[in-house]
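Chains, contacts and geometry: an overview
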Amino acid sequence: MDTTPAILCRDLSKRYRQRQQAPVDALRGLDLEVRPEECFGLLGPNGAGKTTTVEILEGILPPTSGTVEVLGRRWGHDDRALRQRLGISLQETRLADKLTAFETLCLFRSFYRDGSDPEEVLATVGLSDKRDSWVVNLSGGQRQRLAVGCALVGQPELLFLDEPTTGLDPQARRSVWEVIRGQRQRGCTIVLTTHYMDEAERLCDRVAVVDEGRVIALGTPAQLIALLGGDHVIEFTLDANGDAPASAADELRRMDGVRGARRTNNTITLTVAEVHAVLPAVLRRLEARGDRLAWLTTRHASLEDVFVNLTGRHLSNDQQEVPTTA
Amino acid sequence: MTSRKYRPLPELLRFRLRSFYREPEAVFWTYGFPILLTVLLGIAFRNRPPERIIVDIEAGPGAEAVRGALAAGSADGAFDVLINEAEVCRERLRLGKCAIVVSPATSEAPPAYHYDPTQPASAYARVRVDDALQRSAGRADPLAVRDAPVTEPGSRYIDFLIPGLLGMNLMGGGMWGIGYVTVDLRVRKLLKRLVATPMPRGHFLLSMVGGRMAFVVPEIVVILLAGVLLFGFPIRGGWVSIFVVAFCGAVCFAGVGLLVACRAERLETVAGLLNVVMMPMWLLSGLFFSTSHFPDVLQPLVQALPLTQLLNALRAVILEGGSVTSQTVPLLYLLALGGVCFCLALRWFRWT
Ligand SMILES: Nc1ncnc2c1ncn2[C@@H]1O[C@H](COP(=O)(O)OP(=O)(O)O)[C@@H](O)[C@H]1O
Ligand SMILES: [Mg+2]
């Protein structure tokens, strides 16, 4: 197997200069190494710098500083030869409204020397029955699959997918996942960005957690979850107010078998290795304190927990900031 | 499975053509609107019978006599005569409701004409009224003459107008069809997606211009045929010459459109820019009247506008049957301007 990394980038930084506004440092020293034939995930909240990173890797955006090697080559000379080997789906592209799915794929196919038959690509992304539908008449999920199809039609060695499932319903997301898994099996190297932790966990061999323009954790999903010290989570809400939840969290954190505790308002989240051993002890302790439970659940720890643990914030914006208790 | 060749330029051209003819609005503005405009303007400026001359006569003892004299003195009955009180007559003259007021003769004074010599209609009315009154007073014309009125196709206003509309359409179609569409693709990030592929960038710009050329042929045919069928418009030049001239114009405006759109990031911006660039040409290039009406100081500007050169060449070829070679200078000017704009656009083009 080829051992040169599919992607190697060192100390990447990007500063966006804007008129009449303070410049934005989107990337602040980001390092990445993607191995051949792996599916690599960039996981991070909105604004973390994922799109900026992949667009620099794709040679669409120049970095402010840092070095980039893609498939062992640098951007700047004979870029078209390198582009022949890449497949790209941007975060936000509205394909031509009045072309059919098939015509769109034929257009993209024409830019590549070697590539797949557009009919086969339609079948791969599950759009054969929409072959002659105009793009305007496709659903969000179908358009997204067509965008992925446009990235596949040149039979790429390296595939970039920027938020391929954002905004899709669960069924549509699963069908995009199937397409990505298929490419992974074909031996294609994939770089995927997402702010869905379940997507990264399910699809990626390795994940880089990105926040504020840096990689703050790197590893397989299992390795990252192991950083928490335990792969189970006990989460409950106290029917109380005042100081009770805060003092309960402090007390529980010191218990045997509890690897971590954090609190959001009245909700406490404990990371533990063995639920069956810790849970009864936790319940006894709460009873002894006189705290009443409003709700309790246990689940496997996820990359979301890893992210919250590292940053004190949630991945998606619709959850509130976590007050500092860690 | 049929093995088929995929080549970028033909695929890009197909993409342009399909995006156009599958968009009913675009088709209407390119083909329907100019026909509609031709019809409306043609009706508005169709040849009318000669205007009648409205004459007011001040009420008084001699008024009826003047009316009789006017009727007797003009063979074609060109006058609409009204008898009104003196103040009413003056008021109507001031408001332009009559062209002239006649005060009948009295024992002290001869008849008087009240009119505005700075108004062509009023001055003309004075000549006609005086002619009629002198004639019925017994004047004999020593020289016998014969009238031969002309209403021949080719010299009418509509004949001047149709090449103008054709030129306006070549300009508007090129500027909007390329400028607006380019920015729309940029806003959609489709341009960015395309440059992320190995697509040759020049092929993309060529397909924009080439697609536009393909729309030009039906555009010319539609407008000229509408003129021929509806107004008996005379086409004196050969079709090949007409197409050559129109193509040169289309190339020029495609280049200008591409240049206008090469940096704009919003549709509003490009719409504003396109209007700013086209406005002087609508006003100064002789669409609706001849450029010779503009003062000499403006002429260098007027002649530098590409639409002026295109319209001159179109009218020379269509109306006068001029050859392409007789128009070499304006055509080379158009091609050169288009080429320079295309090169600048390629250089400054914002893809992302
Ligand atoms: N063209 C731009 N101009 C100015 N700031 C930008 C631009 N693109 C992105 N940014 C800023 O850079 C940061 C990273 O953005 P992005 O790479 O899009 O993040 P992500 O894809 O992870 O959501 C954000 O704060 C964003 O506001
Ligand atoms: Mg993004």
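Look up a bit, the structure's there.
Reference entry: report on the structure contained in this document. Note that the structure is a prediction, hence the values are computed from the model and not measured.

With that out of the way, let us pick up the overall build of chain A. If you tally the helices and strands in chain A, you get 11 helices and 13 strands. For chain A, the C-alpha atoms occupy an extent of roughly 70 × 50 × 45 Å along the three principal directions. Relative to its 326 residues, chain A shows a buried fraction of 52%. Put simply, 68% of the contacts in chain A that link residues at least 6 apart link residues at least 24 apart.

What follows is about the packing of aromatic side chains. Taken as a whole and judged by the stated rule, the model has 8 aromatic pairs over all chains. Ring geometry for A:F108 against A:F111: centres 5.9 Å apart, planes inclined by 75°, an arrangement best described as edge-to-face. Taken as a pair, A:F108 and A:F111 share a single burial class, namely buried. Plain terms: the ring middles of B:F204 and B:W351 are 5.7 Å apart, the flat faces sit at 65° to each other, and that makes the pair edge-to-face. Taken together, the residues span a long stretch of sequence, with B:F204 in helix α8 (residues 201–231) and B:W351 in the segment after α13 (328–348) at a distance of 147 residues.

The next thing to look at is the side chain of A:S116. Checked against the element boundaries, A:S116 lands in the loop between α3 (101–109) and α4 (118–124). Those residues within four positions of A:S116 in sequence are excluded, and the remaining contacts are A:R109, A:V121, A:L152, A:V153 and A:Q155.

Looking now at a nonpolar patch on the surface. Residue and element names in this part refer to chain B. On the surface, a cluster of nonpolar side chains totalling about 440 Å² of accessible area is made up of F28, W29, L36 and L40. Its place among the elements puts W29 in helix α2 (residues 24–44). For W29, a relative accessible area of 52% gives the class exposed.

A few words now on the interface of chain A and chain B. Contacts between the two partners involve 30 residues from chain A and, on the opposite side, 26 residues from chain B. In this assembly, chain A packs against chain B so that about 2800 Å² is buried in total across both faces, 60% of it on carbon and sulfur atoms. When the buried surface of chain A facing chain B is broken down by residue, A:R94, A:K98 and A:F111 rank first, second and third, together holding 22% of it. For the pair chain A and chain B, the number of links is 6 salt bridges.

On to the coordination of the magnesium ion (ligand 2), then. Residue and element names in this part refer to chain A. Of the protein atoms, only T51 (OG1) and Q91 (OE1) coordinate the magnesium ion (ligand 2), at distances of 1.9 to 2.1 Å. Of this pair, T51 sits in helix α1 (residues 50–57) while Q91 sits in the loop between β5 (86–89) and α3; the two residues are 40 residues apart in sequence, bridging distant segments of the chain. For T51, a relative accessible area of 22% gives the class partly exposed.

With that settled, consider the site of ligand 1. Residue and element names in this part refer to chain A. As a structural note, the neighbourhood of ligand 1 is formed by Y16, Q18, V24, A26, P45, N46, G47, A48, G49, K50, T51 and T52. A distance of 2.8 Å separates an oxygen atom of ligand 1 from a polar atom in the backbone of K50. Of all elements in the fold, only β1 (7–18), β2 (21–34) and α1 reach the threshold of two or more residues within the shell around ligand 1. Taken together, the residues of the shell around ligand 1 break down into 5 nonpolar, 6 polar and 1 charged.

Residue and element names in this part refer to chain A. An order of β2-β1-β4 is seen for the 3 strands of this open sheet, with the pairing classed as antiparallel. A strand with exactly one partner marks an edge of an open sheet, and here the two such strands are β2 and β4 (65–70). Between one strand axis and the next, the sheet turns by 25° as a mean value, whatever way the strands run. Strand direction decides the pairing type here: β1 and β2, joined by 9 bridges, are antiparallel. Of the residues in β2, the one forming a bridge with Q18 is Q21. Its contacts with the sheet place α1 against β1, β2 and β4, and it is angled at close to 65° to β2.

For the rest of this paragraph, the subject is the layout of surface pockets. The space that makes up the largest pocket amounts to roughly 940 Å³. Lining the largest pocket are 32 residues; nearest its centre among them are B:A26, B:W176, B:G177, B:Y180 and B:V181. Every element with two or more residues in the lining of the largest pocket is listed here: α1 (8–21), α2, α6 (157–187), α8 and α10 (267–284) of chain B. In terms of residue count, the dominant contributor to the lining of the largest pocket is α6(B) (12 residues). Each residue belonging to the lining of the largest pocket can be placed in one class, and the counts come to 18 nonpolar, 7 polar and 7 charged. Approximately 640 Å³ is the volume found for the second largest pocket. When residues in the lining of the second largest pocket are grouped by element, the largest group, 5 residues, is from β1(A). The residue makeup of the lining of the second largest pocket, split by class, is 5 nonpolar, 5 polar and 10 charged.

Turning our attention to the pairing of strand β6 (residues 158–162) of chain A. A regular strand places its side chains so that they alternate between the two faces of the sheet. All names here are of chain A. The buried fraction of β6 amounts to 5 of the 5 residues, a majority that puts the element mostly inside the structure. Along β6, one buried face is formed by L158, F160 and D162 and the opposite face, lined by L159 and L161, is buried too. Taken together, the 4 bridges between β5 and β6 define a ladder with parallel strand orientation. In the sheet register, G87 faces β6, and the bridge partner there is L159. Sheet topology places β6 next to strand β7 (residues 189–194); 5 bridges connect them, and they run parallel. Looking at the pairing, F160 lines up with V191 of β7. Tracing the backbone out of β6, into helix α6 (residues 170–186) and back to the parallel element β7 gives a crossover that is right-handed.

Residues and elements named next belong to chain A. Considering the arrangement of structural elements, one finds C204 in the loop between α7 (197–203) and β8 (206–211). Assessed through its relative accessible area of 7%, C204 is described here as buried. Spatially, the C-alpha atom of C204 lies 15 Å from that of R173, the residues being 31 residues apart in sequence. Contacts of C204, omitting those with residues within four sequence positions, involve C39, F40, G41, L192, E199 and P221.

Picture a little ball the size of a water molecule; that probe, rolled over the atoms, points out where space is still empty. Residues and elements named next belong to chain A. Evaluated as defined, the whole model comprises 1 cavity of 30 Å³ or more. By volume, the largest cavity is sized at about 40 Å³. In terms of residue count, α3 provides more of the lining of the largest cavity than any other element does, 3 residues in total. Of the residues belonging to the lining of the largest cavity, the class tally is 7 nonpolar, 1 polar and no charged.

Most of α3(A) is tucked away: 9 of the 9 residues are buried. When α3(A) is considered as a whole, its buried residues turn out to be A:A101, A:F102, A:E103, A:T104, A:L105, A:C106, A:L107, A:F108 and A:R109.

Moving on, we get to helix α12 (residues 306–320) of chain B. All names here are of chain B. In a regular helix each residue adds 1.5 Å, so 15 residues correspond to 21 Å; α12 covers 20 Å between its end C-alpha atoms and thus fits that length. Burial within α12 is extensive, with 13 of its 15 residues counted as buried. The positive-phi residue at the C-terminal boundary of α12 is G321, with phi of around 70°.

Residues and elements named next belong to chain A. The element strand β10 (residues 232–238) is largely enclosed, with a buried count of 6 among its 7 residues. Looking at chain direction, β10 and strand β12 (residues 267–272) are connected through 6 bridges and run antiparallel. Within β12, the position partnered with H232 by the bridge is V272. Alignment of β10 against strand β13 (residues 293–300), held across 7 bridges, turns out to be antiparallel. Residue pairing in the sheet places T237 in a bridge with W295 of β13.

Reading guide: rules and limits
Per chain, the residues get numbers from 1 upward, laid out in the order the sequence is written. Here chains are named by letter from A upward and ligands by number from 1 upward, in the order in which they appear as written. Where local features are concerned, this predicted model is filtered to residues with pLDDT of at least 70; where side-chain atom pairs are given and counted, the filter is 80 or more; whole-chain, interface and lining totals use all residues. Hydrogens are left out, water is left out, and the side-chain values use all remaining heavy atoms of the structure. The helix count covers DSSP runs of H or I at least four residues long, the strand count covers runs of E at least two residues long, and both are numbered beginning at the N terminus. Relative accessible area decides the class of each residue, using a 1.4 Å probe on protein chains only: under 20% of the type maximum gives buried, over 50% gives exposed, and in between gives partly exposed. Residue contacts are defined here by distance: any two heavy atoms, one from each residue, within 4.5 Å place the two residues in contact. To pair, rings of Phe, Tyr and Trp, with the six-membered ring standing in for Trp, must have centres within 6.5 Å; the planes then decide the type, stacked if under 30 degrees apart, edge-to-face if over 60, and tilted in the middle. Patch members must show over 30% relative accessible area and no salt bridge, and they are joined within 9 Å when carrying like charges or within 5 Å when they are nonpolar side chains of Val, Leu, Ile, Met, Phe, Trp or Tyr. Shrake-Rupley sampling with a 1.4 Å probe provides the accessible areas, and residues are treated as covered by the protein chains on show and by no other component. Salt bridges are defined as contacts in which a side-chain nitrogen from Lys or Arg sits within 4 Å of a carboxyl oxygen from Asp or Glu. Buried area is understood as the total, over both parts, of accessible area removed when two parts are fitted together, assessed with a 1.4 Å probe. Ligating atoms shown are N, O and S within 2.8 Å of the metal, or 3.2 Å for Na, K and Ca, and water is not included, meaning a site may look less than complete. Any residue with a heavy atom lying within 4 Å of a molecule or strand is counted as near it. What qualifies as a polar contact is a pair of N or O atoms within 3.5 Å, subject to a donor-acceptor requirement within protein and to the restriction that residues adjacent in sequence count only when both atoms come from side chains. Residue polarity follows a fixed list, in which Ala, Val, Leu, Ile, Met, Phe, Trp, Tyr, Cys and Pro are nonpolar, Asp, Glu, Lys and Arg are charged, and the others, Gly among them, are polar. When DSSP locates at least two bridges between a pair of strands, those strands are taken to pair. For every element, the axis is a line fit to its C-alpha atoms; helices are fit only across the contacting stretch, and the angle between N-to-C directions ranges from 0 to 180 degrees. Definitions used for this entry: grid spacing 1 Å over protein atoms alone; cavity, a set of points where a 1.4 Å probe fits but cannot get out; pocket, an open set with protein on both sides within 12 Å along at least 5 of 7 lines; lining residue, one with an atom within 4 Å of a point. Grid points are joined across faces, edges and corners, and a volume is the space filled by probe spheres set on the points. Seen with its strands pointing away from the viewer, a crossover is right-handed if its path from the first strand over the helix to the second goes clockwise. Here, expected helix span is obtained from the residue count minus one, scaled by 1.5 Å.

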